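Residue-level listing of the chains:
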Amino acid sequence: MMKDYTRPDPDALLQSIKEDEKRDGKRGKLKIFFGMAAGVGKTYAMLEAARRLAREGSDIVIGYIVTHGRVETEELVNGLEIIPRKKIDYRGMIIEEFDIDAVLARKPAVVLVDELAHTNAEGSRHTKRYQDVTELLDNGISVYSTLNVQHLESQADVVEKITEIKVRETVPDSILDLADEIELVDIPPEELLKRLAEGKVYIPEKAGLAAERFFRKGNITALREMALHYTARLVGYELRDYTQKRNIKGPWKSGERLMVAVSPSPYSEYLIRWTRRMAFNLNAPWVALYVDKQRQLTGPTQDLLAKNLNLARELGAEVISTSGEDVVNGLLRVAQQQNVTQIVVGKPLRRYVSDIFSGGNLVERLLRLSGDIEIHIVTQPDVHGKIKGASVYARRSEPLKEYLIGAGAVALVTLASLPLTGITGYWTIALIYLFCVVMISLYIGRGPVLMVAALSALLWNFIFIPPLFTLAISKLEDVMMFGMYFIIATILGTLTSRLRLKERALRMREKRITDLYELSKSLGNALGIDEVINIATAYIGDYFEAKVAFILPNDSGQLSAMPHNSGTHEITAKERGVVEWTFKNKKPAGLFTGTLPHSEAHYIPLIAPGSIVGVLAIRPVSSMHFSPEQESFLQNIIYQLSMRIERENLLISNQRTRLMEESERLYRILLNSISHELRTPLTAITGASSSILDNAVEARPETRRALAEEIKKASERLNRLVDNLLDMSRLESGMLTLNRQLYDLGDLVSVVIRRLESELSSHSVQVAIDDEMPMISIDFALMEQVCSNLICNAVLHTPSQSIIMINGSAQNNEAIITVRDNGPGLRDDELPFIFEKFRRGSTAPTGGTGLGLSICKGIIEAHGGTISAGNNPEGGAYFTMRLPLEYNAARPREDPT
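Keep in mind the model is a prediction, meaning the values are calculated, not measured. (Residues numbered from 1 in each chain as written. Predicted model: local features only at pLDDT ≥ 70, side-chain atom pairs only at ≥ 80, totals over all residues. Heavy atoms only, no water.)

**Here's the deal with the sheet that holds strand E9 (residues 258-262)**
- Taken together, the five strands give an open sheet; going across it, the order is E11-E10-E9-E12-E13, and neighbouring strands pair in parallel fashion. Whereas interior strands pair on both sides, the edge strands pair on one side only; in this sheet they are strand E11 (318-323) and strand E13 (374-378). Mean inter-strand twist for the sheet, computed between neighbouring axes without regard to direction, equals 25 degrees.
- Both E9 and strand E10 (residues 286-292) contribute to a ladder of five bridges, which runs parallel. Bridge pairing in E10 places Val260 opposite Ala288. (Pairing = 2+ DSSP bridges. Helix = DSSP H or I, 4+ residues; strand = E, 2+ residues; numbered from the N terminus. Axes fitted to C-alpha atoms, helices over the stretch in contact; angles between N-to-C directions.)

Below, the structure written as structure tokens:
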């Protein structure tokens, strides 16, 4: 048991395995060149590293590099492949951005992406560049990038106080968790100021303003200290993870790391604040540890423990809770796992009898067993008055049933042993009693076990040890045997009972890990944010026996007026203020906290790496404070849930971005097409009409006639455009009504060909309609427009002297009309989208709105038919319309959409 602290913590190993799984497989590697400010040489160092890899044969490309006109940096760019930037039209300005799609299509081994904190222009796939980098990593592409310390989310407020300049472009600190390597690029402040004066950081026009506002020596020195400290802390975390995964006994004193022992005592508050001051002076991270001895706390002490742990968390400590009967072993085990170099404990105020048997009090044992770990013993002058008479642990009242079971077991063993006295002797009976004590301790509590040990000893003396039926013992050896039996029975029963408690604690820990895994799997398989919240509400409510509600932000970033409909806890108007405070300040509030503690529920912010994604309201049915183990488990659940909600929000945001991009694309196509289509005939009409009014043209009839024909053609083109737009609006609104009558297909085709006589002057038309073709029920004007659109489409996409074939036949109670050509045909990648609105073929001539085929599809479907397109085996394209020959006027028309 004394060596138990050398075993690795299973929770820590599980977390380490999860982190390794994220980095393994097909995921790319991320290297960040980290510095204190612009101009320290991050981009230069990144290019040098890239050139070294390129010389070694790695496939490296430049996705986005900003040289700021520095000659020496631009020289390093030469010789490396550059992916062209994406041009985005933003409010009349052309902005060049990183083209993530081009890099994904090129799929290099490594891509250089400068300025990780950059905000992308509107119209880009992602809002921030670090999201582009994350997508590249997920697709197996390694990334080199650069970042300044002021762009970290956690450092932005500090930088603003130092420099009095608001940092608007930030990245979440969790992006550094994705980094496989972080290289610090550092130069002295004097050299940076010199580079700024020489114009190597900014152009001369901006250098003076930057030197006055941001690049002051005091600012740069503070930023340098922040960058160095942040990098050192990341290295410390890496060292801790390394020692944990390999179960290396620590500590490695490469840096200071403090740990304070927290207990349910008012003294702990002073210890926590003392450790915080010491950690601040040493500029070192610190841990607050509570060792749960698996004993039930009283109500006041449980609240006090929660208050102490919350205080440590608020002061910046990493709060850890572990289970164990021996506090010293628990402290040393966690200290070695966390690479702690100094432990802070309170000075013991009194001695206990148990200290004699355990080898000394807590401080004495720590000093003896701590090895290289330094121990700080802290006292508080007025602590005696605070803790005098305090009852920390609640008395465990075992059920009467356990005492009755113990007494019954002893009675049965006594009755069974009576016949054995004459055979084995009374000393053997002691072993039978001892076996009974050990076995019964596997099923009952510590109090009943002690009762069984005492009762069995008394019965053995009274019934079996001479003189019989008295408590007197005549022989010295019997006295010694009786005393040894009582001691051994008590120790064995107590140890067995402890083992049972430990086994129960291990089962609970295993259950928590399994439950957390199952919850993570359920959240991962959930479809949509509603299903995620439903799963979380049911799980948290069942596990913690509590009422739960989730309040999520709306599209504008403000909290919704009502909680999610899956919640079981009602948020009153009074409680709404607590929710708003929690969301705004990103801190827990309400029940069990020091902020608005008389609230009905406990409110916890759902904080993801990128932002706060909501508030969780949880109200335990018993109104009892959560134990440290439950609190830790709840924090794990909240972290998993926050990450999942953030991913769903990002997915929704990406979908909205793509929808906006598509809408803008359609808007531009529509505007450009309609403006061109309107401008062309109007220009022709204006020019021709102006020429007709010219006196010189008035005397030339042939010229006047040609101009009049030009005006007519332009008017017809303008009329077709207006008709198309009106038809499409009627189709979209469902207001299109059909005037159906029986017509001959040959008459319809003849009318269309005569109407398009001028357009067909350079093409040959062949018509083949079966003699037995029946009359069809159609709206003649609309079907004339369909045929005209299809024939004009064939004329536009085929060369001069091409043949256009129109076939008609009847089959399976359907009229089949096909328009074919022998031109170049349709592209395979365009076939699935050929009937979409505003979709124009890549080989289409200039002009047109891309509505013709979409209108054809809408009119045919309004007739209850279908239209399809494809390529002929011998070459050319075909469009096939299928219309029902029998039409039931009473049948409602199907919605064309």
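**Thoughts on the sheet that holds strand E2 (residues 60-64)**
- Strands sit in the order E3-E2-E6-E7-E1-E8 across an open sheet of six strands; the sheet is parallel. Strands with a single pairing partner mark the edges of an open sheet, and in this sheet they are strand E3 (81-82) and strand E8 (181-184).
- The strands that helix H2 (residues 42-55) touches are strand E1 (30-35), E2, strand E6 (110-113), strand E7 (142-148) and E8; relative to E7, the one it contacts most, it runs at about 165 degrees. (Contact = heavy atoms within 4.5 Å.)

**Here we look at the pairing of E10**
- E10 sits mainly inside the fold: seven of its seven residues count as buried.
- Burial along E10 is two-sided: Trp286, Ala288, Tyr290 and Asp292 facing one way and Val287, Leu289 and Val291 facing the other are all buried.
- Chirality of the crossover, the property in question, places the unit of E9, helix H10 (residues 267-282) and E10 among those that are right-handed. (Buried < 20%, exposed > 50% of the residue type's maximum accessible area, 1.4 Å probe, protein only. Right-handed = clockwise from strand over helix to strand, strands pointing away.)

**A short note on the packing of aromatic side chains**
- As enumerated under the stated definition, the model contains nine aromatic pairs in all.
- With a centroid separation of 5.6 Å and an interplanar angle of 50 degrees, the aromatic rings of Trp460 and Tyr485 are classed as tilted. With a gap of 25 residues between them, Trp460 in helix H19 (residues 446-464) and Tyr485 in helix H20 (residues 476-525) connect regions that are remote in the sequence.
- With relative accessibility at 5%, the residue Tyr485 sits in the buried group.
- Look at Tyr743 and Phe780: their rings are 4.9 Å apart centre to centre, the planes differ by 50 degrees, and that puts the pair in the tilted class. Pair noted here: Tyr743 is in strand E18 (residues 741-743) and Phe780 is in helix H27 (residues 780-796), with a separation of 37 residues, a long-range link.
- You can call Phe780 buried: its relative accessible area is 18%.
- Through successive ring pairs, a cluster of aromatic residues spans Tyr539, Tyr543 and Phe544.
- Between Arg85 and the ring centre of Tyr64, over which it is positioned, the NZ or CZ distance is 4.1 Å.
- Lying across the ring of Tyr64, Arg129 places its NZ or CZ 3.9 Å from the centre. (Phe/Tyr/Trp six-rings, centres within 6.5 Å; stacked < 30°, edge-to-face > 60°. Lys NZ or Arg CZ within 6 Å of the ring centre and 35° of its normal.)

**Re the pattern of salt bridges**
- For the structure shown, the criterion picks out 17 salt bridges.
- Of the charged contacts in the structure, one is a salt bridge between Glu81 and Arg106, with a shortest N-O distance of 2.8 Å. With a gap of 25 residues between them, Glu81 in strand E3 and Arg106 in helix H4 (residues 100-106) connect regions that are remote in the sequence.
- Glu81 sits in the partly exposed class, given a relative accessible area of 36%.
- Two residues, Lys857 and Glu861, come together in a salt bridge whose shortest N-O distance is 2.9 Å. Within this pair, Lys857 and its partner Glu861 are both found in helix H28 (residues 852-862), separated by four residues, close to a single helical turn.
- A relative accessible area of 28% means that Lys857 is categorised as partly exposed.
- You can call Glu861 partly exposed: its relative accessible area is 23%.
- Residues joined in a network through salt bridges with shared partners are Lys31, Glu181 and Glu183. (Salt bridge = Lys/Arg side-chain N within 4 Å of Asp/Glu carboxyl O.)

**A closer look at helix H26 (residues 745-755)**
- Taken together, the buried positions of H26 are Leu745, Gly746, Leu748, Val749 and Val752. Buried residues of H26, viewed axially, fall in a sector of 160 degrees; they line one side.
- Of the surrounding elements, those touching the buried residues of H26 are E18, strand E19 (764-769), strand E20 (776-778), H27, strand E21 (803-811) and strand E22 (814-821). (Arc of directions from axis to C-beta.)

**Describing the environment of Ala815**
- Its location among the elements puts Ala815 in strand E22.
- Ala815 gets classed as buried once you look at its relative accessible area, which sits at 0%.
- With 66 residues separating them along the chain, Ala815 and Met881 place their C-alpha atoms 7.9 Å apart.
- Beyond its immediate sequence surroundings of up to four residues, Ala815 is in contact with Met773, Ile776, Ser809, Met881, Arg882, Leu883 and Leu885.

**Regarding the packing of helix H12 (residues 327-337) against helix H14 (residues 362-369)**
- Closest axis-to-axis distance for the H12/H14 pair is 10 Å, and the angle between their directions is 40 degrees. Classed by the angle they form, the pair H12 and H14 counts as oblique. With respect to the hand of their crossing, H12 and H14 are arranged in right-handed fashion. Along the contact surface, H12 presents Val327, Val328, Asn329, Leu331 and Leu332, while H14 presents Leu362, Arg365, Leu366 and Leu369.
- Its residues placed into classes, the contact of H12 with H14 shows seven nonpolar, one polar and one charged. (Parallel < 35°, antiparallel > 145°, perpendicular 65-115°, else oblique. Left-handed = near helix turned anticlockwise from the far one by under 90°. Nonpolar A, V, L, I, M, F, W, Y, C, P; charged D, E, K, R; others polar.)

**Remarks on the nonpolar core**
- Core analysis: the largest hydrophobic core is formed by 56 residues, its most contacted members being Met36, Leu112, Leu136 and Leu147.
- Those residues in contact with Leu112, other than ones at most four positions away along the chain, are Met46, Leu47, Ala50, Ile60, Val61, Ile62, Gly63, Tyr64, Ile65 and Tyr144.
- Met773, Ile834, Phe879 and Met881 belong to the second largest nonpolar core, which has 36 residues in total. (Core = buried A, V, L, I, M, F, W, Y, C linked by side-chain atoms within 4.5 Å.)

**Quick word on empty space enclosed by the protein**
- Scanning the entire structure with this criterion turns up four cavities of 30 Å³ or more.
- One number sums up the size of the second largest cavity: a volume of about 80 Å³.
- The wall of the second largest cavity is formed by Lys86, Glu97, Phe98, Asp99, Ile100, Asp101, Asn120, Ser124, Arg125, His126 and Asp132.
- Its residues assigned to classes, the lining of the second largest cavity comprises two nonpolar, three polar and six charged. (1 Å grid on protein atoms, 1.4 Å probe; cavity = no way out; pocket = protein on both sides within 12 Å on 5 of 7 lines; lining within 4 Å. Points joined across faces, edges and corners; volume = space filled by probe spheres on them.)

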